[in-house]
Amino acid sequence: MHLRLWAATSAPLFAVHLQPHLTLTPFQVSLECPVAARSPHRDGGRGIRLMNQTARTPQPGAAGQPGMHEAARRDKLRKLVELGYDPWGGRFDNHQPIGQIRQREGEIQRVPAGDVSGQEIEQGPRVRAAGRIFLQRKAGKLVFLDLRDWTGRIQVLIGRRQVGEEYWALAECFDLGDIVGVEGELKHTNTGELTIFAERLVFLTKSLWPHPDKHHGLTDPELRQRLRYLDLLYTEGVWERFRRRTQIVHSIRQTMARNGFVEVEGPTLHAIAGGAAARPFVTHLNALDIDLYLRIALELHLKRLLVGGIERVYELGRVYRNEGISPRHNPEFTMLEAYQAYGDYHTMMDLTEELVCAALEATGQGRQVTWGGAVLDFTPPFARRSYDELFAEHTGVRPDDEHGVRACAERLGLETAGKHTDVIKSEVFEELVEPRLAGPVFVLDYPASICPLTKRKRGRPEVAERFELFVQGMEIANAYTELNDPDLQEELFRTQLAGLKEEDSMARMDHDFVRALRYGMPPAGGLGIGIDRLVMLLTGAQSIREVILFPLLRPE
RNA sequence: GAGGCUGUAGCUCAGUAGGUAGAGCAACGGACUUUUAAUCCGUAGGUCGAGGGUUCGAGUCCCUCCAGCCUCACCA
């Protein structure tokens, strides 16, 4: 379809925008011959055809069916076409971001009016802006628009006498939410507001559906997520938060580059979902008739690259876990994993601090941020506490006191039968210690038996060289001195698999990874950071859904 | 998976004891050439999330279901 259109017309720019399943509306055809489109004869024809389009049932959405509002807007659309304007606009060059236009206020000068009155009038620069109409105040033969783009808002004044009848007729077709271009002089109104005094208007895009309340916007959290585009436009701070997210991600890439790391892209379809203990999503590859899993972690392929001599490597990408949804969990989320040859978990602690501090700086924040009423101080070095020490402190039980640990777990109502003491200890830790870690705090040296990918401490095989960074009870980062002993790795995989329940039996031994280790992986430090949670902390978001543009929702 | 809360006009929200479904904004018609969520006059707009039940009568009470939010559970 695309190719045929491309060949059939000398204006491929328009053809590529057409959806294959859509029939060509008369207007889209006219896009290819804009000069002819101005002819009244053709306009008349379009008017009739567009009437037919009106009869098409609108798609029901979460926002309901705007019904009469759409009809009113389609009337204006038809009028636009009759006047010879393209309701869907086109290229609009040489306009300036509204934020920049506002900065030109200083260029406005006062000059003599040039008449006998001796009064002064303002003379300002000619500016050209494009944006969406957020507010319209009609005052007789004057209209004030609030025009907004992604850099700010500005008022536009359209006067019937000033722009002339043609543009006035165009302005009468404006609805809230339409996208228009304006050109005119930047001056102040009588009340002193910086305003573009329109001289020319360009119609850029019709909005067929009514927009949310100009003052209240959207408040229903479901609508905010399903109609994120409206949320971005109408909810205070949403766009700003996502912009901060991109600043943070960009800053992370810069920090990694500064430290000599190379970014790679590993596979997201895995034959074996490894590197974490989570249930994967299953999918099917028809070509090979095999089931595959969406990756639950980046770890095992990045470590293969360590074997391959890529000494500092990272990936910043999406992972997928088929588990619960909560204010802190989304089925797909963004992880940073980094591996540094010849480092260890202390190396990774320094890197973590550098990453967090640089991200704060990139978002223009100091070392202290408030989150949910708490003040978080990210001034390095972050606190470093050992797992055992924290365990004893918060439970009153010595970590090597097996009976004490079990008794403590039972008091909490935890299931203990048939579980390894370290597993029970870990559950007690999650229950009693983690929620109280206001942080930021590095928790060091975990029980080895719950860390199957981690190197043991020299001379203390029961302790793994691992840290997790906690802030406000949330796990933000997880890092190891990486296990590079292939025999021990294979044994730990086997032990881990033996303990799995039936529903987790999709997990399998990753022989290929163990084979890679047999060729020799350099000693290394490895780090994982949950980017969404980090962004939550650095933007004051209480829910992960506030930092993910399109969080998973049940389909409508 | 369990419990709690929510669902009323395009949006934001009221809705009394179970007795004809309301407001603001938006829309439509009109007035207004310096407005600021403009103002003023007028008009239209509803399967009260869906289905069932109780009742003379249900937005309101009961049941089931759907969706969302929160808490818990699950989650190395």
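Preceding this section is the structure that the text describes.
Rules and cut-offs
Residues numbered from 1 in each chain as written. Chains lettered and ligands numbered in written order. Predicted model: local features only at pLDDT ≥ 70, side-chain atom pairs only at ≥ 80, totals over all residues. Heavy atoms only, no water. Salt bridge = Lys/Arg side-chain N within 4 Å of Asp/Glu carboxyl O. Helix = DSSP H or I, 4+ residues; strand = E, 2+ residues; numbered from the N terminus. Buried < 20%, exposed > 50% of the residue type's maximum accessible area, 1.4 Å probe, protein only. Expected span 1.5 Å × (residues − 1). Polar contact = N/O pair within 3.5 Å; in protein donor to acceptor, adjacent residues only side chain to side chain. Pairing = 2+ DSSP bridges. Axes fitted to C-alpha atoms, helices over the stretch in contact; angles between N-to-C directions. Arc of directions from axis to C-beta. Contact = heavy atoms within 4.5 Å. Near = heavy atom within 4 Å. Nonpolar A, V, L, I, M, F, W, Y, C, P; charged D, E, K, R; others polar. Core = buried A, V, L, I, M, F, W, Y, C linked by side-chain atoms within 4.5 Å. Phe/Tyr/Trp six-rings, centres within 6.5 Å; stacked < 30°, edge-to-face > 60°.

Quick look at the pattern of salt bridges
If you walk through the whole model with that rule in mind, you get 46 salt bridges. A salt bridge links Arg74 to Glu70; the shortest N-O distance between them is 2.8 Å. In this pair, Arg74 and Glu70 are both assigned in helix H6 (residues 68–83), four residues apart and thus about one turn of the helix distant. Of the two residues, Arg74 and Glu70, neither departs from the other in class, the shared state being buried. For Arg160, the salt bridge identified is with Glu165, shortest N-O distance 2.9 Å. For Arg160, a relative accessible area of 28% corresponds to the partly exposed category. Salt bridges sharing common partners tie together Arg126, Arg128, Glu183, Glu199 and Arg200.

Overview of helix H14 (residues 345–362)
Relative to the 26 Å expected for 18 residues at 1.5 Å per residue, H14 spans 25 Å between its end C-alpha atoms, a close match to the ideal helical length. The N-cap of H14, judged by a side-chain oxygen 2.9 Å from the amide nitrogen of His346 a few residues on, is Asp344. The first or second residue beyond H14 is Gly364, which carries a positive phi of 70°.

Looking at the sheet that holds strand E7 (residues 194–205)
The strand order around the closed barrel built from five strands is E3-E4-E5-E7-E6, with neighbouring strands paired in mixed fashion. With direction set aside, neighbouring strand axes in the sheet form an average angle of 55°. Looking at chain direction, strand E3 (residues 126–139) and strand E6 (residues 179–188) are connected through seven bridges and run antiparallel. Within the sheet, the bridge partner assigned to Arg128 lies in E6 and is Glu183.

Details of helix H19 (residues 511–518)
Taken together, the buried positions of H19 are Phe513, Val514, Ala516 and Leu517. Along H19, the residues classed as buried sweep out an arc of 155° about the axis, all on the same side. Against helix H13 (299–307) and helix H18 (486–498) lie the buried residues of H19.

With respect to the sheet that holds strand E11 (residues 290–294)
Two strands in a sheet stick together by hydrogen bonds in their backbones, pointing the same way (parallel) or opposite ways (antiparallel). Spatially, E9-E11-E10 is the arrangement adopted by the three strands of the open sheet, whose pairing is antiparallel. Across the chains shown, the open sheet's two edge strands, defined by having one partner strand only, are strand E9 (269–270) and strand E10 (282–285). In this structure, E9 lies alongside E11, joined through two bridges in antiparallel fashion. In the sheet register, His270 faces E11, and the bridge partner there is Tyr293.

Focus: the protein's contact with RNA strand B
Taken together, 50 residues sit near RNA strand B, with Arg161, Thr191, Gln496, Arg545 and Arg554 positioned nearest. The sugar and phosphate moieties of RNA strand B supply 59% of its atoms located within 4 Å of the protein. A distance of 2.9 Å separates a sugar or linking oxygen of RNA strand B from a polar backbone atom of Gly217. In terms of residue class, the surface near RNA strand B is made up of 19 nonpolar, 15 polar and 16 charged.

Structural notes on unusual backbone geometry
Here the amide bond leading from Pro380 into Pro381 is cis, since omega sits at -5°, within 30 degrees of zero. Residue placement: Pro381 occurs in the loop between strand E15 (374–377) and strand E16 (383–386). Unusually for a residue other than glycine, Asn94 sits at a positive phi of about 60°. Relative to the assigned elements, Asn94 resides in the loop between H6 and helix H7 (98–102). With relative accessibility at 70%, the residue Asn94 sits in the exposed group.

A look at the side chain of Asp422
Along the polypeptide, Asp422 turns up in helix H17 (residues 421–433). For Asp422, the side chain forms a polar contact with the side chain of Ser449, separated by 2.3 Å.

Description of the nonpolar core
Counting residues in each nonpolar core, the largest one holds 43 residues, and the members touching the most others are Ile252, Phe378, Phe467, Leu527 and Ile529. Among the elements that take part in this core, H14 stands out by supplying eight residues, more than any other. Those residues in contact with Leu527, other than ones at most four positions away along the chain, are Leu336, Glu337, Ala338, Met348, Leu351, Thr352, Leu355, Phe467, Ala477, Asn478 and Ala479.

Quick notes on the packing of aromatic side chains
Scanning the entire structure with this criterion turns up 10 aromatic pairs. With a centroid separation of 5.9 Å and 20° between ring planes, the pair formed by Trp150 and Trp239 is classed as stacked. With Trp150 in the loop between strand E4 (142–149) and strand E5 (152–159) and Trp239 in helix H12 (residues 238–258), the pair connects residues that are 89 residues apart, well separated along the chain. Centre to centre, the rings of Phe174 and Phe203 are 6.0 Å apart; their planes meet at 40°, and the pair counts as tilted.

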